[in-house]
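Examination of the molecular architecture
Here is how the chains run, residue by residue.
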Amino acid sequence: MCIRDRMLGVKLAGLLRRKRTATFVNEPRGQDLVDLTNLVTAGKLTPAIEQRYPFDEAIDAIRRMVAGHARGKLVIRMLDA
């Protein structure tokens, strides 16, 4: 599915459910990523992480996200650290 079709689907779902929706397309630039890294490192920006999942529970994280229950980012750990 292309991004345009997905955005149209979000808008249509919002109308059918009488919910306000918004969509945007972002193309990250190298300097933007450097700036974000600096903000996180300085403690001025904290990502909203709802839950961390080990890799073998990734399907549970995806199900939660697709169901629309996630209120923050869901992190899938590739290796235990």
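All residue numbers refer to position in the chain's written sequence, counted from 1. Residue-level local features of this predicted model are given only where pLDDT is at least 70; pairs of side-chain atoms are given and counted only at 80 or more, and the full residue set underlies all totals for whole chains, interfaces and linings. In computing side-chain values, all of the structure's heavy atoms are included and hydrogens and water are not.

1. Focus: the pairing of strand S1 (residues 49-54)
- Bridge count between S1 and strand S2 (residues 73-77): five bridges; the pairing is parallel. Bridged to Arg 52 within S2 is Val 75.
- Read from S1 through helix H3 (residues 58-66) to S2, the crossover connection turns out right-handed. Here, any two strands with at least 2 DSSP bridges between them count as paired. Secondary structure elements follow DSSP: runs of H or I of four or more residues count as helices, runs of E of two or more count as strands, with numbering from the N terminus. Here, the term right-handed applies to a crossover whose path from the first strand over the helix to the second runs clockwise when the strands point away from the viewer.

2. A word on the pattern of salt bridges
- Take a side-chain nitrogen of Lys or Arg and a carboxyl oxygen of Asp or Glu: if they are within 4 Å of each other, that pair is a salt bridge. All chains considered together, the criterion is met by three salt bridges.
- We note a salt bridge from Asp 60 to Arg 63, for which the minimum N-O separation is 3.8 Å. Residue Asp 60 and its partner Arg 63 are both found in helix H3; the two are separated by three residues, about one turn of the helix.

3. Some words on a nonpolar patch on the surface
- Patch membership needs two things, relative accessible area over 30% and no salt bridge, and members are linked within 9 Å if like-charged or within 5 Å if nonpolar (Val, Leu, Ile, Met, Phe, Trp, Tyr). A 1.4 Å probe and the Shrake-Rupley method give the accessible areas. Residues count as covered only by the protein chains that appear here. On the surface, Phe 55, Ile 59, Ile 62, Met 65, Val 66, Ile 76, Met 78 and Leu 79 cluster together into a nonpolar patch covering about 860 Å² of accessible area.
- Here the nonpolar patch takes four residues from H3, the largest share from any one element.
- We classify Val 66 as exposed; its relative accessible area is 65%. The buried label goes to any residue with under 20% of its type's maximum accessible area, the exposed label to any with over 50%, and the partly exposed label to all in between, with areas taken from a 1.4 Å probe on protein chains only.

4. Quick notes on the confidence of the model for the protein
- Confidence of the prediction at every residue is given by pLDDT, a number between 0 and 100. For the protein, the mean per-residue pLDDT works out to 82, and 81% of the residues sit at or above 70.
- Across the protein, element-level confidence peaks in S1 with a mean pLDDT of 92 and bottoms out in helix H1 (residues 3-16) with 71.

5. Considerations on helix H2 (residues 30-41)
- A helix is expected to span 1.5 Å for every residue after the first. Relative to the 16 Å expected for 12 residues at 1.5 Å per residue, H2 spans 17 Å between its end C-alpha atoms, a close match to the ideal helical length.
- Directly beyond the C-terminal end of H2, a positive phi value near 80° is found at Gly 43.

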